[in-house]
Each structure stands twice: as structure tokens, then as C-alpha cells.
Amino acid sequence: MRANMFRKILIANRGEIALRVVAACKELGIRTVAVYSEADRDLLHVRFSDEAVCIGPPRSYDSYLNIPSIISAAEITNVDAIHPGYGYLAESSHFAEVCDNCGIRFIGPSASAISLMGDKSRARETIQDLGIPTIPGTGVIDRETRDPAALARQVGFPLIIKAAAGGGGKGMRIIRREQDFLDSLSLVQSEAESAFGNSQVYLERYLTNPRHIEFQVLADEQGNIVHLGERDCSIQRRHQKLVEESPSPFLSPGRRMELGSQVVHALKQIGYQNAGTVEFLFDQEGNHYFIEMNTRIQVEHPVTEMITGIDIVKQQILIAAGFPLDFSQEDVAFRGSSIECRLNAESSETFTPSPGRIHAYHAPGGPGIRVDSAAYTDCVISPHYDSLIAKLIAHGNDREEAISRLNRALDTFIVEGIETTLPFHRKVIRHPDFLSGNYGTSFLEEFAGKTA
Ligand code: ADP
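In short, a report on the structure. (Residues numbered from 1 in each chain as written. Predicted model: local features only at pLDDT ≥ 70, side-chain atom pairs only at ≥ 80, totals over all residues. Heavy atoms only, no water.)

**A closer look at the site of the ligand**
For the record, the criterion: The cutoff for a nearby residue is simple: one of its non-hydrogen atoms must lie within 4 Å of the molecule or strand. Whenever a nitrogen or oxygen atom comes within 3.5 Å of another N or O atom, the pair is scored as a polar contact, on the condition that within protein one atom can donate a hydrogen and the other can accept it, and that pairs from neighbouring residues in sequence are kept only if both atoms are in side chains. Under the convention used here, a 1.4 Å probe and the Shrake-Rupley method define accessible areas, while residue burial counts only the protein chains that appear. Put simply, DSSP marks the helices as runs of H or I at least four residues long and the strands as runs of E at least two long, and each gets a number from the N terminus on. Three categories are distinguished: nonpolar for Ala, Val, Leu, Ile, Met, Phe, Trp, Tyr, Cys and Pro, charged for Asp, Glu, Lys and Arg, and polar for the others, with Gly belonging to the last.
The environment of the ligand is formed by 22 residues, the closest being K162, G169, H212, Q236 and E292. One of the side-chain nitrogen or oxygen atoms of E204 is found 3.0 Å away from a nitrogen atom of the ligand. In this structure, L207 approaches the ligand through a main-chain N or O atom, which is 2.9 Å from a nitrogen atom. For the ligand, the accessible surface in isolation is 550 Å², of which the surrounding protein chains cover 96%. Looking at the shell around the ligand, the elements with two or more residues in it are β6 (159–167), β7 (170–175), β8 (201–205), β12 (274–282) and β13 (288–294). With three residues, the single largest contributor to the shell around the ligand is β6. In terms of residue class, the shell around the ligand is built from eight nonpolar, seven polar and seven charged.

**Thoughts on helix α4 (residues 93–101)**
An α-helical turn contains 3.6 residues, so any two residues separated by three or four positions project in the same direction. This is how the line gets drawn: Think of it in three bands: residues with accessible area under 20% of the maximum for their type are buried, residues over 50% are exposed, and the middle band is partly exposed, with areas taken using a 1.4 Å probe on protein chains only. As used here, the arc belongs to the directions running from the helix axis to the C-beta atoms. In what follows, a contact means two residues having at least one pair of non-hydrogen atoms within 4.5 Å.
Within α4, the full set of buried residues consists of F95, A96, V98 and C99. Across the axial projection of α4, the buried residues extend over an arc of 160°, all falling on one side. Where α4 is buried, its residues contact α3 (67–77), β4 (81–83), β5 (105–106) and α5 (111–118). Looking at the residues trailing α4, positive phi occurs at G103, about 75°.

**Thoughts on the sheet that holds strand β10 (residues 225–237)**
Rules: For two strands to count as paired, DSSP must find a minimum of two bridges between them. Interaxial angles span 0 to 180 degrees and are taken between N-to-C directions of axes, which are lines fitted to C-alpha atoms, for helices over the stretch in contact.
In space, the eight strands of this open sheet follow the order β13-β12-β9-β10-β11-β14-β19-β17, with antiparallel pairing throughout. Each edge of the open sheet is held by one strand with a lone partner, namely β13 and β17 (369–373). Taking each pair of neighbouring strands and ignoring which way they run, the sheet shows an average axis angle of 25°. Here four bridges tie β10 to strand β11 (residues 240–246), and the two strands are oriented antiparallel to one another. Its bridge partner lying in β11, R237 is registered against Q240.

**A look at the pairing of β10**
A large share of β10 lies buried, amounting to 12 of its 13 residues. Where strand β9 (residues 211–219) folds back on β10, the antiparallel hairpin that results is connected by five residues, among which G223 adopts a positive phi of roughly 95°. What sits between β10 and β11 in their antiparallel hairpin is a turn of two residues, with R238 showing a positive phi close to 50°.

**Brief notes about helix α9 (residues 253–269)**
Going by this rule: To estimate how far a helix should extend, the number of its residues minus one is multiplied by 1.5 Å.
Taking 1.5 Å of rise per residue, 17 residues should cover 24 Å, and α9 covers 25 Å from first to last C-alpha, within 8% of that figure. For α9, the set of buried residues is R256, L259, G260, V263, V264, A266 and L267. Down the axis of α9, the sector holding all buried residues measures 165°, keeping them to one side. Among the structural elements, β9, β10, β12 and β13 are those in contact with the buried residues of α9. Just downstream of α9 lies G271, where phi reads positive at about 65°.

**A closer look at the nonpolar core**
Formally: Within this scheme, the nonpolar core is defined by two criteria: the residues are buried Ala, Val, Leu, Ile, Met, Phe, Trp, Tyr or Cys, and they are joined through side-chain atoms within 4.5 Å.
Counting residues in hydrophobic clusters, the biggest one holds 35 residues, and the most contacted among them are I358, I389, V415, V428 and F434. Per-element tally for this core: the top contributor is helix α12 (residues 399–411), with five residues. Those residues in contact with I389 that sit more than four places away from it in its chain are L343, N344, A345, I358, Y361, S373, A374, A375, I381, V415, I418 and T420.

**Section: the side chain of H425**
Tracing the sequence through the fold places H425 in helix α13 (residues 422–428). Leaving out residues up to four positions away in the same chain, H425 has contacts with L242, V243, C341, R342, L343 and L410.

**Some points on the environment of T412**
Mapped onto the fold, T412 is located in the loop between α12 and β20 (414–416). Once residues lying within four places of it in the same chain are set aside, the contact partners of T412 are H362 and P364.

**Topic: the environment of A374**
With respect to the secondary-structure elements, A374 resides in the loop between β17 and β18 (380–381). Given the relative accessible area of 12%, A374 is considered buried. C-alpha of A374 to C-alpha of I389: the two residues are 15 residues apart in sequence and 7.2 Å apart in space. When residues no more than four places from it in sequence are discounted, the contact partners of A374 are G15, E16, L19, L44 and I389.

**A closer look at the packing of α5 against helix α6 (residues 120–129)**
For clarity, the threshold we go by: Here roughly perpendicular refers to angles of 65 to 115 degrees, roughly parallel to angles under 35, roughly antiparallel to angles over 145, and oblique to all remaining angles.
Running from amino to carboxyl end, α5 crosses α6 at an angle of 95°, the nearest separation of the two axes being 5 Å. Our classification of the angle between α5 and α6 gives roughly perpendicular. Residues S115, L116, M117 and G118 of α5 form the contact with α6, whose own contacting residues are K120, R122, A123, T126 and I127.

**As for the packing of aromatic side chains**
Note the threshold: For Phe, Tyr and Trp, rings pair up if their centres lie within 6.5 Å, where Trp contributes its six-membered ring, and each pair is then called stacked (planes under 30 degrees apart), edge-to-face (over 60) or tilted (otherwise). Over a ring means this: the NZ of a Lys or the CZ of an Arg is within 6 Å of the ring centre and within 35 degrees of the ring normal.
On inspection of all chains with the given rule, the structure shows 10 aromatic pairs. For the pair Y361 and F413, a centre-to-centre distance of 5.8 Å together with 75° between the ring planes defines the contact as edge-to-face. Taken together, the residues span a long stretch of sequence, with Y361 in strand β16 (residues 360–362) and F413 in the loop between α12 and β20 at a distance of 52 residues. The burial state of Y361 is the same as that of F413; both residues are buried. Cluster of aromatic residues (ring-pair linked, three or more members): Y64, Y88 and Y385. Positioned above the aromatic ring of Y439, the side-chain terminus of R211 is 4.4 Å from the ring centre. Geometry around F434 places R399 over its ring, the cationic atom sitting 4.8 Å from the centre.

**Looking at the pairing of β8**
Within β8, four of the five residues are buried, leaving the element largely enclosed by the surrounding structure. Where β6 lies against β8, five bridges are found, and the strand directions are antiparallel. Paired with I160 across the two strands is E204, which belongs to β8.

Everything listed here is a matter of geometry and, on its own, says nothing about what the molecule does.
Shown next as C-alpha cells:
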């Protein structure tokens, strides 16, 4: 056991990511405390943790977002640290600050780094000042800004209005014609006000069918930063990722290292710590532009773990406990290819949610297959929470092998009783544009016409 390793960690999350953190803690010999809402008593993260505390009614606002309840659970169980997972309080600088004030280590970056990057407009300006290109656009526009239409004309149409505090594909609107701009602006401002408590927005030129490529980084408290390569997350629906892969078929090894060192250099300047992801869009000419940074573990982190062999969640915990990274950039090797499909409890055609009881569940295994899931036969997918049932990740010595393993795994994945996006994924990974690696964020719009 290392000198200042945590003894016990509370996991302020549910479902597959809570289980993922339990796994990392078990391997590190750390005890775990699960928290759960009244709807989640029977979930596996409760069962596999050493202790569990009910933190409130089903509504997320009353439980997984309830800071006083979570902090009380942490104090009663006497934990050293809290892992927030993704979503919920993972990007709440206020929560990180409350943890600090209570003497509980928040496993993530500092509250000030979360707050800087959580404001997408400020993040954009900071990153631009550090020499990374951003999409042509504006600074913050609020209700006092004079003549926003003139600013929009300068950016040009189509453009995208983005909420400064937005995230998760929410708080964005594409405007194609100047005459729609002012009405849409006040709509996004009001939506942002009610969803995020902040009506500030900014504008960006809207790129046609770009690729979404993001870099994973790890930074310790001693100032060492490494990048773990990229993930291509261009297959999206309504700006939310559905399939992710690494390496991106779009980047050469030289470009990967060039961009990776740009990212590392920028994050060094701001003294960033712990895990993080810097997201870019690539236009059709291959130019890259920063769009945002996520200061937490991401849903799609397994594809990076599969090709680098580095356990990102364990690294987050070790970094928060004060250990320096025990490898350098030169030690990070990229082996083969990995692809993840997000399996949701939704209709494969309309994507409408399909919560309910899973009557039969069988996850595939075998060479190169990993399934991160909290589902099991007879479990209930609750309408209160997001619809992710499982992440199916395939790894192969090359992209072709990863795809054939994914194909085989998708065909032997059984989820009965509710609708799932399994049929959708089977079509995506057999689609000629996916097979050729030649796809962008508009893939889905063109999808229907081309499926075999
Ligand atoms: P969020 O914080 O909600 O995840 P992002 O700013 O990361 O929002 O953007 C999510 C997705 O929206 C991108 O991956 C891309 O598909 C689309 N998008 C965002 N900005 C632009 C843009 N300027 N042009 C074209 N597509 C964009």
C-alpha cells in the first residue's frame, strides 16, 4: 500500500460509470461507498460497493444532484475522496469547492479549472490565447449586447448559437438565414437561462459535415502531462455521440503527435491537473479548431484504454492522491484499433426512450470484446435517468479486425423486454462510409438512403 493512498472513496454517480469506478478502486485496494436514489436500490453499483447510502428520491435533482445529501453520506462513511463519474456533479465547480472545504478530495481538476473550462466562451478565449485555433465566432453575447445581428453578419451564415454554460448537446441552435437570427437568439438565451441559470451565448460559424476528434490527457500534480491520442466521435445524433473510435481514420501518426503536443503545451500553461479531454472539429480541408474541454472522465474513455493499455480511472485516483504519473509521453504506445457503440434503451428507428424491465440479458465476450454495463436480467431501466444500457467496445490488431469483432459481438448481444439501439449499430458498422472511415458528423442524416 502506498503512503498516502486513499482508504475509502465515495462514488457520486450511478449505473455503468459507478461500476467502472468500483472496479478501479477494487484493483487499487480502496474501499468504496455507493450512493443511490430510492429508484436504484437494486443496482449493481450498490451491490458491489463495500457500503451504500440512500441519498434521496428518484428525481436526480433530489438525489444525484443533491450536494448536502452526498456530502452527508461522505461524512457519515468517513471517506477520503469523492469520484464524480461523468454527468451529474462532475463539472460543478461549486461541488468541487464544497468537497475541498469539507476536507474531502474531489477526484478531478481544481474548482477553478472546472469553472474556467465550464464557461465555453471563456475556455475558447483562453485556448485561443494559447495558440490553438478556434472556429471564427464572437465573444459573449448577453441581453445588453448592442446590435447582435451585426455580429452575426460578421460571422456569416450558417452559424451556430451556443450557450456559454451549455453541454451534452444542449443549448445549441443552427441558424441558416439572417432573418431567423434575432428570434432564435432570444429563444436560446431563454432556454439557456432556464437550463443552466445563465443566458450568455456566443456565435460560431457552422462547419459543414466536420469530424469531431478529441484528445485525452492526463496531468499530475507535479506538472507532468501526457496525451493518450485521440478519439473520433463524429457519429452523432443531435450532437450526441453514438459511436467512437481510436485511432481516428482521419489522422496520420505525425498529425496525432503534432496536435497532441499542442494540447499538452496549452494545458501546461494553465496548470491543468487530472484527466481531461480537449475537443476539436476538423473542417473538410483538414483544419482543426478547438470547440470545448471536458474536465472529467468521458463516456468513451474505454476506446483509449484499449489501445494504450492505460487505466484512465485508476490514473485519476492516483493523481488525486498526489502520485506522479509513472510513465512519460514516450512510454505511451498505441496498439491496434478500438471502437465503442453506445447501446441505449431507445427505439432503433425513432430513438424514443424505451424504459422498462429487461427480461433477458446476455453480453458478448471473447477476444477483444469489453462491455461496460450495469444491466442484468430482470433489472429495470428507469425513466428517471439517461438511457445508456451498455457500452460495447471492440479492440483488434487493426481497424478491420476491430470491426469484425464488433459485428460478431453485436450479433450475440441479447437484450429482451425493451427496445434498444442494437439494430441501429448493426447497420452503422456495416455502412460503406463507416467501413471506409470516410464520415463526418452528418453521417446520420445521409444514413437512411445508404444502408445495405
Ligand atoms: P456540447 O458541449 O453540448 O457537447 P460541443 O460544443 O462540444 O457541445 O459540440 C457538440 C457537437 O455539436 C459537435 O461534436 C458537432 O457535431 C456539433 N458542433 C458544435 N459546434 C459546431 C460548429 N461550429 N459547426 C458544426 N458543428 C458543430
